[in-house]
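Okay, here's what each chain looks like letter by letter:
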Amino acid sequence: MKTFFFAVLLVVVTIHSNAQNTKYAPAHVGLIYPISSNGKHAAEYTNGFSLNLLAGVSRSETGIAIAGFSNIIKDEAHGVEVAGFSNHIGHTYKAVTVAGFMNIVHNKADGILVAGFGNYVGGPVNGLQVAGFCNTASQVHGLQVAGFFNRATDANMQFAGFMNIAKKVKGVQLAGFLNIADSSDYPIGIINIIKNGEYNISLTIDESATTVASFKSGGKALYGILGVGYNLKSAQTLYAMQAGLGWHLPLMSHLRLNVEGTETVMTDFKRGVYSKYAVGGYLAYRLGSKVEVFAGPNINFMHMKDDAGSDLISHYIWYKDRGNGKADGMFAGMLAGVQVRI
């Protein structure tokens, strides 16, 4: 019995001691550490509200923390953290973190992070990351949006102006140029390096005798197209460059429909340019495990400059001559080809 009462007394004394050592300030106002209402002990305080003209230091924040240049929060931040340049936080929970340049959170980030340049999170992110240049995190359960680059171990969705990198992406992975992942069924990019994906080398010819050799890369559903070619019909010398997106729609064990949207630009590299935007559905039959032949109709919109490609199409659904060698038109076409899985 004496042992029991002694244990209870020890717990009470310990709690009382910790309570006395805990420092809490309803409001913290300052210029820059240690010139503030919490002084040189600012790093030991948990604040309900913080306002620092330049930079503030604290142990934790439970409400709103605003700094003209930087917030440095050693432990945990709840609520809203706003800094003109950067936020440096031990970990956040149910927080919105906004910085003009960069947010650095070493552990869990449960809310929204927005930065003019980049967000770096050492742990998982359950909410949204938005950065002008790059985002990095271990796991992203919500959304990553960056002007240039996203990196995550696992992600639901990634959107980047240039490149995304992840191990597993459950939803859409959209990049202006390159997606890299171990598993991603819905990558939208010109080049998609997916470990469990599909890669094809394709050779096609269309209604104007433009032949294109292309690299098609992506997941089980979506894929990117990047190719080069040459026109065999025109009296002009026209080299072709092609980029686009496609979607595999399975029909039977050896039969599927490939829906593709492409832009093909042809030029003589002097002054003439012929641009064609095509959307079509191509029935594809697989021969064995690697070879696939396909063909189908498409609808095309073209723009001509300096009479480049004026001898390619004779029948149009719609045509407008804009003078000075410029014209726009819409026509129905065909595409056929063969591709080999690599």
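Residues numbered from 1 in each chain as written. Predicted model: local features only at pLDDT ≥ 70, side-chain atom pairs only at ≥ 80, totals over all residues. Heavy atoms only, no water.

### As for the overall build of the protein
- For the protein, the count of helices and strands is one helix and 27 strands.
- A globule of 342 residues ought to have a C-alpha radius of gyration of about 20 Å, yet the protein, at 29 Å, is considerably larger.
- Across its three principal directions, the C-alpha atoms of the protein cover 100 × 55 × 25 Å.
- The burial tally for the protein puts 44% of its 342 residues in the buried class.
- For the protein, contacts bridging at least 24 residues in sequence account for 26% of all contacts bridging at least 6.
- When the accessible surface of the protein is summed, it comes to about 16800 Å², and 67% of that surface belongs to carbon and sulfur atoms.
- In the protein, which carries 26 positive and 21 negative side-chain charges, the distance between the mean positions of the two groups comes to 8 Å. (Helix = DSSP H or I, 4+ residues; strand = E, 2+ residues; numbered from the N terminus. Rg over C-alpha atoms; globule rule 2.2 N^0.38 Å. Buried < 20%, exposed > 50% of the residue type's maximum accessible area, 1.4 Å probe, protein only. Contact = heavy atoms within 4.5 Å. Areas by Shrake-Rupley, 256 points an atom, 1.4 Å probe, with all protein chains shown as cover. Lys, Arg positive; Asp, Glu negative; His and termini not counted. Charge placed at Lys NZ, Arg CZ, Asp CG, Glu CD.)

### Here's the deal with a nonpolar patch on the surface
- A cluster of nonpolar side chains, namely Leu31, Ile32, Ile35, Leu53, Leu54, Phe69, Phe85 and Phe101, defines an oily patch on the protein surface of about 690 Å² accessible area.
- At the level of elements, β2 (28-32) and β4 (45-58) are the ones that each hand at least two residues to the nonpolar patch.
- Counting through the fold element by element, phenylalanine 85 comes out in the loop between β6 (70-83) and β7 (86-99). (Patch = residues over 30% accessible without salt bridge, like charges linked within 9 Å, V, L, I, M, F, W, Y side chains within 5 Å. Salt bridge = Lys/Arg side-chain N within 4 Å of Asp/Glu carboxyl O.)

### Quick look at the environment of valine 259
- Tracing the backbone through its elements, the reader meets valine 259 in strand β23 (residues 255-267).
- Through-space distance from the C-alpha of valine 259 to that of glycine 281 is 4.4 Å; in sequence the pair is 22 residues apart.
- Beyond its immediate chain neighbours, meaning those up to four positions away, valine 259 contacts Tyr223, Leu245, Gly246, Trp247, Leu249, Gly280 and Gly281.

### What to know about the pattern of salt bridges
- Counting across every chain of the model gives nine salt bridges.
- Beyond isolated ion pairs, a larger network of salt bridges with shared partners links Glu198, Arg256, Glu292 and Arg341.

### A few points about the nonpolar core
- Counting twelve residues, the largest nonpolar core is built from Ile73, Ala77, Ile89, Val105, Ala109, Leu113, Val121, Val125, Ala137, Val140, Ala152 and Ala155.
- Sorting the residues of this core by element identifies β6, β12 (134-146) and β13 (149-160) as the ones contributing at least two each.
- Those residues in contact with alanine 109, other than ones at most four positions away along the chain, are Thr92, Val121, Pro124, Val125, Asn126 and Gly127.
- Listed in part, the eleven residues of the second largest apolar core include Tyr274, Met302, Met304 and Ile313. (Core = buried A, V, L, I, M, F, W, Y, C linked by side-chain atoms within 4.5 Å.)

### Some remarks on the pairing of strand β20 (residues 210-218)
- Relative to β20, strand β19 (residues 198-206) runs antiparallel, the two sharing eight bridges. Residue pairing for β20: asparagine 200 is matched across the bridge by lysine 216.
- What sits between the antiparallel neighbours β19 and β20 is a turn of three residues, in which alanine 209 has the positive phi angle 65°.
- Where β20 hands over to strand β21 (residues 222-231), the hairpin turn is made up of three residues, counted between the paired strands. (Pairing = 2+ DSSP bridges.)

### Some remarks on the packing of aromatic side chains
- Across all of its chains, the model carries 13 aromatic pairs by this definition.
- Between phenylalanine 133 and phenylalanine 148, the aromatic rings sit 4.9 Å apart at their centres with planes inclined by 5°, giving stacked as the arrangement. Remark: phenylalanine 148 occurs in the loop between β12 and β13 and phenylalanine 133 occurs in the loop between β11 (128-131) and β12; sequence separation between them is 15 residues.
- The class for phenylalanine 148 is partly exposed, based on a relative accessible area of 32%.
- Both rings, one in tyrosine 239 and one in phenylalanine 269, keep their centres 5.7 Å apart while their planes meet at 45°; by these two values the pair is tilted. Of this pair, tyrosine 239 sits in strand β22 (residues 239-252) while phenylalanine 269 sits in the loop between β23 and β24 (273-287), and the two are 30 residues apart along the sequence.
- A relative accessible area of 39% means that tyrosine 239 is categorised as partly exposed.
- Pairwise contacts between aromatic rings join Phe69, Phe85, Phe101, Phe117, Phe133, Phe148, Phe162 and Phe177 into one cluster. (Phe/Tyr/Trp six-rings, centres within 6.5 Å; stacked < 30°, edge-to-face > 60°.)

### What about the confidence of the model for the protein?
- Chain-level pLDDT for the protein is 91 on average; 94% of the residues reach the 70-or-more range.
- In this model residues 1-20 is a low-confidence stretch, pLDDT under 50, and it forms zero contacts with partners more than four residues away in sequence or in other chains. (pLDDT = per-residue confidence, 0-100.)

### Topic: the side chain of glutamate 81
- Examined against the element boundaries, glutamate 81 turns out to sit in strand β6.
- No salt bridge is formed by the buried glutamate 81, whose closest oppositely charged neighbour, lysine 94, lies at an N-O distance of 14 Å.
- A distance of 3.1 Å separates the side chain of glutamate 81 from the side chain of threonine 97, its partner in a polar contact.
- Leaving out residues up to four positions away in the same chain, glutamate 81 has contacts with Gly63, Ala65, Asn71, Ile73, Asn87, Ile89, Ala95, Val96, Thr97 and Val98. (Polar contact = N/O pair within 3.5 Å; in protein donor to acceptor, adjacent residues only side chain to side chain.)

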